[in-house]
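Read off the chains here:
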Number of protein chains: 2
Amino acid sequence: MSILVVGSVALDTIKTPFGKKSNILGGSAIYFSVSASRFAPVSLVAVVGKDFPSKHVKFLKSKGIDVTGLTVKQGKTFSWEGEYGWDFSDPKTIATHLNVFSDFDPDIPREYRKKKHVFLANIDPELQERVLGKMVNPRLVACDTMNYWIENKRKSLLKLLKKIDIFLLNESEAKELTGSSNLLKAAREILKLGPERVIIKKGEHGSLLFSGNSVFSTPAYLMETIVDPTGAGDTFAGGLMGYLATQKSINRASLRKAIVYGGVMATFAVQDFSLKRLGSVTKKDIAKRFKEFTRLTHF
Amino acid sequence: MSILVVGSVALDTIKTPFGKKSNILGGSAIYFSVSASRFAPVSLVAVVGKDFPSKHVKFLKSKGIDVTGLTVKQGKTFSWEGEYGWDFSDPKTIATHLNVFSDFDPDIPREYRKKKHVFLANIDPELQERVLGKMVNPRLVACDTMNYWIENKRKSLLKLLKKIDIFLLNESEAKELTGSSNLLKAAREILKLGPERVIIKKGEHGSLLFSGNSVFSTPAYLMETIVDPTGAGDTFAGGLMGYLATQKSINRASLRKAIVYGGVMATFAVQDFSLKRLGSVTKKDIAKRFKEFTRLTHF
């Protein structure tokens, strides 16, 4: 079954201990859709400027991604400039140029509205809700957010959460949203806000899934070299939603496997800048790393 | 098969967000032996001062711990005063009074020298090596260390590591010892220094076992409330060594289970100050939490 993602497309400039790359393809909708496309068909809703290179559109199409919903607007593409140190956990933002993304208010093409799986990447929760309102009876809706929206659009975010099946957020966001420094307590608070399931991403420390009284905790795959962690969270979401879209039933077993697939996909994303590694990942690569991950954690 | 532990016995004064307790029973050898005693017989080598309350000795005996090697010396018992904030990861040391521990140079009672399992808790690596030299053909030797020895007794530590089967250290120690901020690289460096297996403890983020080319990664059990994390690392080592002492074969499967038991025991240690919870843990409690941990991580 197919997936709809609404989010950002960016031309990023990124510096890590492994080098600096300018104007490289990025954005939440890109990482998500390339990751999810390894599992199921993906349709993308996003906006770019006139400067967006046609080679990137060609690349997305080559991955089987439906770009009917990619609007080209007068102006420049959204761009983020950031720098990571050796710990990779907390990038320094050098500059954010919203450009055409600043008044992003996506229309959802008619043929997209019946998509069964919806991922609302990190954008204004009011937009996320507006998009969701246009969808006809989706089977599974997941969303991401960021500290900025928790601080500045809390009310809209809380309204949105009542309509969400899977809410993905990172550790610091979970703590900020609930005021609790304990992740178990934070997750229980968040479940009360509406989402059926909460996934807390802990980066190099793995992730947690909370659902009712059930908790699943998984470490991260160990990487000898991380070149650029940009997009890891959206790539994770892509693997998660991609795998679930192939499953008849969304239950405890399939959700746990989906989280492991999410983690597996993220390991490819961080192995090189932009989509350089993730973009060439085969089903065989994924199966191999899933097996390695099983070996890493099984007792 | 029985276990020998050499380490510290302390009267700690500890402040956490849950209160302040003065002169409570602590020390690496205490946490280790109480934890390990749930699995196998433990003999303790340590020193205390004349002020050491007899009720603590009675408590150790009630746990079946052999205290023949507990020397009482003129002077006061070692004491540590520390304070934890809400994140619990990095205590502030208010005071350390070595007292009788300052010239600790333990003799190993003759009847202890054939013990098959040896845990050298965090003391001067020269002492650790001296103790080990007195042991007759042990089956399994594990040791712990701390940043202070890495910085000040590096050469002695490296000499010791050539004789160790399992080296336990925490994340920051692994990074300091090797100069590598990547744990996979750090562990590979450490394995080259001699120990057959390396366990890197990551506190609330679980632990890693490295052995040849095999890696095992396990998250931590999720705790709603941590009252006092003091002794968690030694309690972990106690569960690990205790379980292994019951196993015919020390192999991949038993080591992985041993690490999970170590993590399980640590969860009891942190639930209250001193040995208050850990000291009353039953085999049934342990089995229950082991099962919960399996449910938490299985996919």
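Predicted, not measured: the structure shown is a model, and the values here were computed from it. (Residues numbered from 1 in each chain as written. Chains lettered and ligands numbered in written order. Predicted model: local features only at pLDDT ≥ 70, side-chain atom pairs only at ≥ 80, totals over all residues.)

(A) Structural detail: the overall build of chain A. Each helix and strand counted, chain A has 10 helices and 13 strands in total. Relative to the compact-globule value of 19 Å for 299 residues, chain A shows a C-alpha radius of gyration of 18 Å, a close match. Principal-axis analysis of the C-alpha atoms gives chain A an extent of 50 × 45 × 35 Å. By residue count, 50% of the 299 residues in chain A fall in the buried class. Contacts in chain A between residues far apart in sequence, at least 24 positions, make up 64% of those at least 6 positions apart. (Helix = DSSP H or I, 4+ residues; strand = E, 2+ residues; numbered from the N terminus. Rg over C-alpha atoms; globule rule 2.2 N^0.38 Å. Buried ≥ 20, exposed ≤ 12 C-beta atoms within 10 Å, placed from the backbone. Contact = placed C-beta atoms within 7 Å.)

(B) Summary view of the nonpolar core. Val5(A), Phe119(A) and Ala142(A) are the most contacted members of the largest nonpolar core, which totals 96 residues. Those residues in contact with Phe119(A) that sit more than four places away from it in its chain are Ile3(A), Val5(A), Phe32(A), Ala142(A), Ala237(A) and Met241(A). Trp80(B), Phe88(B), Leu140(B) and Trp149(B) belong to the second largest nonpolar core, which has 95 residues in total. (Core = buried A, V, L, I, M, F, W, Y, C linked by C-beta atoms within 7 Å.)

(C) Here's a closer look at the sheet that holds strand 2 (residues 10–16) of chain A. All names here are of chain A. Here we have 4 strands laid out as an open sheet, ordered 3-2-6-7, and mixed in their pairing. Only two strands of the sheet have a single neighbouring strand rather than two, namely strand 3 (19–26) and strand 7 (92–97). In this sheet, neighbouring strand axes are inclined to one another by 15 degrees on average, regardless of whether the strands run parallel or antiparallel. Where strand 2 meets strand 6 (residues 79–83), 3 bridges bridge the pair, whose relative direction is parallel. Note that in strand 6 the partner of Thr 13 across the bridge is Glu 81. (Pairing = 2+ DSSP bridges. Axes fitted to C-alpha atoms, helices over the stretch in contact; angles between N-to-C directions.)

(D) Region of interest: helix 6 (residues 171–178) of chain B. All names here are of chain B. Taken together, the buried positions of helix 6 are occupied by Glu 173, Ala 174 and Leu 177. Summarising the axial view, the buried residues of helix 6 lie within an arc of 100 degrees, below the 170-degree limit, and thus occupy one face. Against the buried residues of helix 6 lie helix 4 (147–152), strand 10 (166–170), helix 7 (183–192) and strand 11 (197–201). Among the residues trailing helix 6, Gly 179 stands out with phi positive, at a value near 75 degrees. (Arc of directions from axis to C-beta.)

(E) Quick peek at the interface of chain A and chain B. Facing the 22 residues of chain A at the interface are 22 residues of chain B. Among the elements that take part in the side of chain A that touches chain B, strand 13 (residues 214–218) of chain A stands out by supplying 4 residues, more than any other. Residues belonging to the side of chain A that touches chain B are distributed by class as follows: 10 nonpolar, 7 polar and 5 charged. (Nonpolar A, V, L, I, M, F, W, Y, C, P; charged D, E, K, R; others polar.)

(F) View of the relation of the copies chain A and chain B. Note on the identical chains: chain A maps onto chain B by a rotation of 180 degrees and an axial translation of 0.0 Å, with an RMSD of 0.0 Å. On this basis, the relationship between the two copies can be described by a two-fold rotation axis. Measuring from the rotation axis to each C-alpha of chain A, the shortest distance belongs to Pro219(A), at 2.7 Å. (Least-squares fit on C-alpha atoms with pLDDT ≥ 70 in both.)

(G) Looking closely at the sheet that holds strand 4 (residues 42–49) of chain A. Residues and elements named next belong to chain A. Spatially, the 9 strands line up as an open sheet ordered 5-4-1-8-9-10-11-12-13, and their pairing is mixed. Each edge of the open sheet carries a strand with a single partner, namely strand 5 (66–73) and strand 13. The sheet shows a mean angle of 15 degrees between the axes of neighbouring strands, direction not considered. Here strand 11 (residues 197–201) runs beside strand 12 (residues 207–211); their pairing, made up of 5 bridges, is antiparallel. In the sheet register, Arg 197 faces strand 12, and the bridge partner there is Ser 211. Helix-sheet contacts for helix 6 (residues 171–178) involve strand 10 (166–170) and strand 11, and the interaxial angle to strand 10 is about 105 degrees. Against the sheet, helix 7 (residues 183–192) makes contact with strand 10, strand 11 and strand 12, and its axis sits at roughly 145 degrees relative to strand 11, the strand it touches most.

(H) A look at the packing of helix 1 (residues 28–36) of chain B against helix 8 (residues 232–245) of chain B. Residue and element names in this part refer to chain B. Packing of helix 1 against helix 8 brings their axes to within 7 Å, and their N-to-C directions diverge by 35 degrees. Here the hand of the crossing between helix 1 and helix 8 comes out right-handed. On helix 8, the residues that touch Ser 28, Tyr 31, Phe 32, Ser 33, Val 34, Ser 35 and Ala 36 of helix 1 are Asp 234, Thr 235, Ala 237, Gly 238, Gly 239, Met 241 and Gly 242. A breakdown of the residues in the contact of helix 1 with helix 8 according to their chemical character gives 6 nonpolar, 7 polar and 1 charged. (Left-handed = near helix turned anticlockwise from the far one by under 90°.)

(I) Quick peek at helix 10 (residues 283–297) of chain A. Under the 1.5 Å per step criterion, the end-to-end length of helix 10 of chain A is 21 Å for 15 residues, consistent within 8% with the ideal 21 Å. The set of residues buried in helix 10 of chain A consists of Ile286(A), Arg289(A), Phe293(A) and Thr297(A). Buried residues in helix 10 of chain A, looked at end-on, bunch into an arc of 70 degrees, giving them a common side. Counted as exposed and oriented over 90 degrees from the buried face of helix 10 of chain A: Lys284(A), Ala287(A), Lys288(A), Lys291(A), Thr294(A) and Arg295(A). In this fold, the buried residues of helix 10 of chain A make contact with strand 13 and helix 9 (252–269) of chain A together with strand 13 (214–218) and helix 10 (283–297) of chain B. (Expected span 1.5 Å × (residues − 1).)

(J) Quick look at the pairing of strand 8 (residues 117–120) of chain A. Residues and elements named next belong to chain A. In strand 8, alternate side chains face the same way, and those of His 117 and Phe 119 on one face and Val 118 and Leu 120 on the other are all buried. Of the strand pairs in this sheet, strand 1 (residues 3–6) and strand 8 are connected by 4 bridges, and their pairing is parallel. Its bridge partner lying in strand 8, Leu 4 is registered against Val 118. Sheet analysis places strand 8 next to strand 9 (residues 140–144), joined by 4 bridges and oriented parallel. Within the sheet, the bridge partner assigned to Leu 120 lies in strand 9 and is Cys 143.

(K) Expanded view of unusual backbone geometry. Residue and element names in this part refer to chain A. Its identity as a non-glycine residue notwithstanding, Asn 23 has a phi of 50 degrees, on the positive side. Mapped onto the fold, Asn 23 is located in strand 3. Its identity is not glycine, yet Asn 99 carries a phi of approximately 50 degrees, on the positive side. The residue Asn 99 is located in the loop between strand 7 and strand 8 in this model.

(L) View of the environment of Phe210(A). Residues and elements named next belong to chain A. Structurally, Phe 210 can be placed in strand 12. The exposure class of Phe 210 is buried, given the 25 C-beta atoms found within 10 Å. Separated by 23 residues in sequence, Phe 210 and Ala 187 have C-alpha atoms that sit 6.7 Å apart.

(M) Inspection of the pairing of strand 12 of chain A at higher detail. Within strand 12 of chain A, 4 of the 5 residues are buried, leaving the element largely enclosed by the surrounding structure. Between strand 11 of chain A and the antiparallel strand that follows it, strand 12 of chain A, lie 5 residues; Gly203(A) among them carries a positive phi value of about 60 degrees.

(N) Inspection of the confidence of the model for chain A at higher detail. Confidence in the prediction of chain A, expressed as mean pLDDT, is 96, and 100% of residues score 70 or more. Model confidence for the complex: the whole-complex pTM is 0.93, and ipTM, which rates the interface, is 0.90. (pLDDT = per-residue confidence, 0-100.)

(O) Expanded view of the environment of Gly69(B). Residue and element names in this part refer to chain B. Along the polypeptide, Gly 69 turns up in strand 5 (residues 66–73). It is 8.2 Å that separates the C-alpha atoms of Gly 69 and Asp 107, two residues lying 38 residues apart in sequence. Not counting the four nearest positions on each side in its chain, Gly 69 is found in contact with Ser 43, Leu 44, Val 45, Pro 109 and Tyr 112.

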